[in-house]
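Structure at a glance
If you want the building blocks of each chain, they are given just below.
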Amino acid sequence: MITNESNNSEERLAELKQRLSAVEERDSQLKQQEESLEKERAKFDEECKMERAELARQWQQLRDEITRMEEMNNVQKGRIKLDVGGHIFTTSQLTLTREADSMLAAMFSGRHGLKKEEDGTIFIDRDGTHFRYILNYLRDGGLSTDALPRNKQTLRELRNEAVYFQLHGLVQHIEKFL
């Protein structure tokens, strides 16, 4: 009887060892699958992060484009044709009112009535040869050094025009070169 019990115990032990081995093998496979899934998850997270960054970049690009188009639309709405000393300029109300304390901003703010010529132009009795510098200053929010004339006499004349139109930033910019 002891032998029978001993054989049963050994068989039972062998069976348990076999089952334990199978469980350990399944555990090992599960750990490998977990590691594989973790690598896939990390890769997926990185791809999502890159995709979000690209979408954010494209969204910002679209917002910038919309802003530029809205500004262009505003420019087109407020289109103004000027005759400055016989020179014809086409610009926008937005440009002319960009420097709030200037005479041009006061003229084109809508607070004052302006007489238009038969062809729709507004006449300003000033030197038209220098007015392009004034418009570029207003359009660009300042002038680069290369945009100013090199001749001292022309710079003095341009400063006089800037003083007349009360463009204090332009006056200061020109005085740095004189």
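Worth saying up front: this structure is predicted, and the values here are computed from it rather than measured.

The rules behind the values
- The residue numbering used here restarts from 1 in each chain and proceeds along that chain's sequence as written.
- Per-residue local features of the predicted model are confined to residues with pLDDT of at least 70, and side-chain atom pairs are confined, for both listing and counting, to 80 or more; whole-chain, interface and lining totals are unaffected and use all residues.
- Neither water nor hydrogens contribute to the side-chain values; these are computed over all heavy atoms in the structure.
- Each helix is a run of DSSP H or I of at least 4 residues and each strand a run of E of at least 2, with the numbering of both proceeding from the N terminus.
- With C-alpha atoms as the basis for the radius of gyration, the globule rule is written as 2.2 Å multiplied by the number of residues raised to the power 0.38.
- Classification of residues uses two cut-offs on accessible area relative to the type maximum, computed with a 1.4 Å probe and protein chains only: under 20% is buried, over 50% is exposed, and between them is partly exposed.
- Method for areas: the Shrake-Rupley scheme with a 1.4 Å probe, in which residue coverage is limited to the protein chains shown.
- We treat Lys and Arg as the positive residues and Asp and Glu as the negative residues; His and chain ends play no part in the count.
- Charge placement uses NZ in Lys and CZ in Arg. For Asp and Glu, CG and CD serve respectively.
- An expected span of 1.5 Å times one less than the residue number is assigned to each helix.
- Arc definition: it is the arc formed by the directions from the helix axis to the C-beta atoms.
- Throughout, a residue-residue contact means that at least one pair of heavy atoms, one from each residue, lies within 4.5 Å.
- As used in this structure description, the phrase polar contact means that two N or O atoms lie within 3.5 Å; if the pair is within protein, one of them must be able to donate a hydrogen and the other to accept it, and residues adjacent in sequence are counted only when both atoms belong to side chains.
- The set of buried Ala, Val, Leu, Ile, Met, Phe, Trp, Tyr and Cys residues whose side-chain atoms join them within 4.5 Å is what this entry labels a nonpolar core.
- Here a salt bridge means any side-chain nitrogen of Lys or Arg lying within 4 Å of a carboxyl oxygen belonging to Asp or Glu.

Thoughts on the overall build of the chain
A tally of regular secondary structure across the chain gives six helices and three strands. Tracing the chain from N to C terminus, the helices and strands come up as α-β-β-α-α-β-α-α-α. At 40 Å, the chain has a C-alpha radius of gyration far larger than the 16 Å of a compact globule built from 178 residues. Based on the C-alpha atoms only, the size of the chain along its principal axes is roughly 130 × 40 × 20 Å. Expressed as a percentage of its 178 residues, the buried residues of the chain come to 23%. Accessible area for the chain stands at about 13400 Å²; split by element, carbon and sulfur atoms hold 49% of it. The average position of the 28 basic charges and that of the 33 acidic charges among the side chains of the chain differ by 8 Å.

Topic: helix H5 (residues 152–164)
With 13 residues, H5 ought to run about 18 Å at 1.5 Å a step, and its terminal C-alpha atoms sit 18 Å apart, in line with that. Among the residues of H5, Leu 155, Leu 158, Glu 161 and Ala 162 are the ones counted as buried. Down the axis of H5, the buried side of the element spans an arc of 120 degrees, and every buried residue falls inside it. Here the buried face of H5 lies against helix H4 (128–140) and helix H6 (168–175). With a side-chain oxygen positioned 2.7 Å from the backbone nitrogen of Gln 153, the residue opening H5 is Asn 151. Where H5 ends, the next residue or the one after it, Gln 166, has phi of about 60 degrees, a positive value.

Some points on the nonpolar core
Ranked by size, the top nonpolar core spans 26 residues in total, and within it Leu 82, Leu 104, Phe 108, Phe 131, Ile 134 and Phe 165 carry the most contacts. Here this core gets six residues from one element, more than from any other, and that element is H4. The contacts of Leu 82, once residues within four sequence positions are left out, are His 87, Ile 88, Phe 89, Thr 91, Leu 96, Phe 108, Ile 122, Ile 124 and Phe 131.

Things to note about the pattern of salt bridges
Taken as a whole, this structure holds four salt bridges when the rule is applied. Residues Glu 54 and Arg 57 are paired through a salt bridge, measuring 2.6 Å at the closest nitrogen-oxygen approach. Here the residue Glu 54 and the residue Arg 57 both occupy positions in helix H1 (residues 2–77), the gap between them amounting to three residues, near one helical turn. Classification of Arg 57 as partly exposed rests on a relative accessible area of 43%. A salt bridge links Arg 126 to Glu 161; the shortest N-O distance between them is 2.9 Å. With Arg 126 in the loop between strand S3 (122–124) and H4 and Glu 161 in helix H5, this pair connects stretches of sequence that are 35 residues apart. On the accessibility criterion, Arg 126 (24% relative accessible area) is partly exposed.

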